[in-house]
Every structure is written in structure tokens, then in C-alpha cells.
Amino acid sequence: RRLDEAEAWFFLGDRLVRQGRPEPALAAFERSHALRPGAASTINALVAVYAGLKRPRAALRLLERQPVAADWLAQRGTLHLELNEPARALACSDEAVCLSPMHFAARLNRGAALRALGRNAEVLENDKTLVRCHPRHPMALYNLGDALLLNGEDEEALSVLAEALTLVPGAPQIRIAHCLA
């Protein structure tokens, strides 16, 4: 099968990214996107390149033009967190969680936004839900352990963080939190 023009530009952009050439990759992905605006792989590639080039506003503009979907909303939440806009990140994450209650990135972003806003009790509830949805995920366990520490529940935090360490024994972030518990 022959590649159509949009696919050819996409694969060129992908190759340029792998070669460490983000600016020409961006031009190739933009051309691919112009030829096939709804292609999720191209949109994801553009967002990644914009983020890598420290252009989160450009990534946000692109994502805001996409149909409402949990993945796009979660990515918008991540970008708003990078821009230190926790209220906007929380709004995107809440909308994503409404569409997909078990969405991992949306739940992570939601917890990070709530932390930044100082809403620690809500952080704990969010992270408990995250672990219920993803019980053996080390990042979910780490976040719950951190939320428990924030809320003064040190013994339970120690147990949760110990479980996370069994999954990734060398993770420095988890080891530090475990020592603090």
C-alpha cells in the first residue's frame, strides 16, 4: 500500500523527531495536520513537539480546537499544570473524569491541581479513587501515600508507600516519601 501525502509528512516528522530535529519535525507534522486535521496521531505528535519546544500555549490552542474527549482534556490539564494554572487544569481534569472516570492521566492531573490549590482533603479522595481504579500502579500508590502524608495519616502512608516500593524498589521519589512517613 502506498502512503498518502498526510501519512508521508507524518512519518517524515516522526523520523525528524527521532533524529533530534524538532523544528523541522514540527513543520512536517503541521503539514500532515493541514492535510488530515482529525488524525489523532498527528495531533498527539504536534502536542509533544510543541511541549518539547516549550510552546505549551500553541499545544493548548491545538487541543482546544479538538472535539471534547477525555484524552484531549487530560492533555490540556497537563499543559495548564505546566503553565502553573491549577484552576484551569482542574476544570479540564474534572471534565475528562466525567467522560472517563478511570482515566489515569486525568486523575493524576486532578490530584496535582488540587494539591496546588491546597485542597488536601479532596486530594486524598481523588488519590483513593485513583488507586481503586489502578491498584497496582506505583504512581497511583505514591500519590496516595503523599496525600495521606498531607492529611496527617502517616501510618497508612507508610504502608501504601511500602507497597509502591515493592513495585519499583529503586524509585527515588517513592523512597524519599517513604522515609518521610
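Residues numbered from 1 in each chain as written. Predicted model: local features only at pLDDT ≥ 70, side-chain atom pairs only at ≥ 80, totals over all residues. Heavy atoms only, no water.

1. Points about the overall build of the protein
Scanning the protein from N- to C-terminus turns up 11 helices and 0 strands. Ordering the α and β elements of the protein from the N terminus gives α-α-α-α-α-α-α-α-α-α-α. A total of 181 residues make up the protein; the buried ones form 40% of that total. Of all intrachain contacts in the protein linking residues separated by at least 6 positions in sequence, the fraction that spans at least 24 positions is 42%. (Helix = DSSP H or I, 4+ residues; strand = E, 2+ residues; numbered from the N terminus. Buried < 20%, exposed > 50% of the residue type's maximum accessible area, 1.4 Å probe, protein only. Contact = heavy atoms within 4.5 Å.)

2. A few points about the side chain of Asn126
As for its placement among the helices and strands, Asn126 is situated in helix H8 (residues 120-133). Looking at Asn126, the relative accessible area reads 1%, which means it is buried. There is a polar contact of 3.3 Å between the side chain of Asn126 and the side chain of Arg110. Setting aside chain neighbours within four positions, we find Asn126 in contact with Arg107, Arg110, Gly111 and Leu114. (Polar contact = N/O pair within 3.5 Å; in protein donor to acceptor, adjacent residues only side chain to side chain.)

3. Remarks on the environment of Glu155
Relative to the assigned elements, Glu155 resides in helix H10 (residues 154-167). Counting along the chain gives 26 residues from Glu155 to Ala181, while the straight-line C-alpha distance between them is 7.2 Å.

4. Details of the packing of aromatic side chains
Taken as a whole and assessed by the stated rule, the structure comprises 2 aromatic pairs. Here Phe10 and Phe11 contribute two aromatic rings whose centre-to-centre distance is 5.6 Å and whose plane-to-plane angle is 75°, an arrangement assigned as edge-to-face. Arranged with centres 5.4 Å apart and planes meeting at 50°, the rings of Phe10 and Phe29 form a pair that is tilted. With a gap of 19 residues between them, Phe10 in helix H1 (residues 5-18) and Phe29 in helix H2 (residues 22-35) connect regions that are remote in the sequence. As far as the burial class goes, Phe10 and Phe29 line up, both buried. Aromatic rings pair up to connect Phe10, Phe11 and Phe29 into one cluster. (Phe/Tyr/Trp six-rings, centres within 6.5 Å; stacked < 30°, edge-to-face > 60°.)

5. Section: the pattern of salt bridges
Under the definition given, this model contains 9 salt bridges. In this structure, the salt-bridge partner of Asp4 is Arg36, at a minimum N-O distance of 1.9 Å. Linking Asp4 in the segment before H1 with Arg36 in the loop between H2 and helix H3 (40-52), this pair joins segments that are 32 residues apart in sequence. Notably, a salt bridge pairs Arg31 with Glu5, separated by 3.4 Å at the nearest N-O pair. Linking Arg31 in helix H2 with Glu5 in helix H1, this pair joins segments that are 26 residues apart in sequence. (Salt bridge = Lys/Arg side-chain N within 4 Å of Asp/Glu carboxyl O.)

6. So, the nonpolar core
Leu144, Leu148 and Ile174 are the most contacted members of the largest nonpolar core, which has 22 residues in total. Elements supplying a minimum of two residues to this core: helix H6 (86-99), helix H7 (104-116), H8, helix H9 (138-150), H10 and helix H11 (172-180). Looking at which element gives the most residues to this core, the answer is H9, with 6 residues. Every residue in contact with Leu148, bar those within four places of it in the chain, is listed here: Leu124, Glu153, Glu156, Ala157 and Val160. Formed by 19 residues, the second largest nonpolar core is a distinct cluster that contains Ala45, Val47, Leu60 and Leu62. (Core = buried A, V, L, I, M, F, W, Y, C linked by side-chain atoms within 4.5 Å.)

7. With respect to the environment of Ala164
Structurally, the position occupied by Ala164 is in helix H10. Since its relative accessible area comes to 0%, Ala164 is described here as buried. Distance from Ala164 to Tyr142, taken between C-alpha atoms, is 6.2 Å for residues 22 residues apart in sequence. Setting aside its immediate chain neighbours within four residues, Ala164 contacts Pro138, Leu141, Tyr142 and Ile174.

8. Things to note about the packing of H7 against H8
Their axes nearest at 9 Å, the elements H7 and H8 cross at an angle of 165°. Here H7 is positioned roughly antiparallel relative to H8, judged by the angle of their axes. Along this stretch, H7 crosses H8, giving a crossing that reads as left-handed. Where H7 abuts H8, its residues Phe104, Arg107, Leu108, Arg110, Gly111, Leu114 and Arg115 lie against Glu122, Val123, Asn126, Asp127, Thr129 and Leu130. Its residues assigned to classes, the contact of H7 with H8 comprises 5 nonpolar, 3 polar and 5 charged. (Axes fitted to C-alpha atoms, helices over the stretch in contact; angles between N-to-C directions. Parallel < 35°, antiparallel > 145°, perpendicular 65-115°, else oblique. Left-handed = near helix turned anticlockwise from the far one by under 90°. Nonpolar A, V, L, I, M, F, W, Y, C, P; charged D, E, K, R; others polar.)

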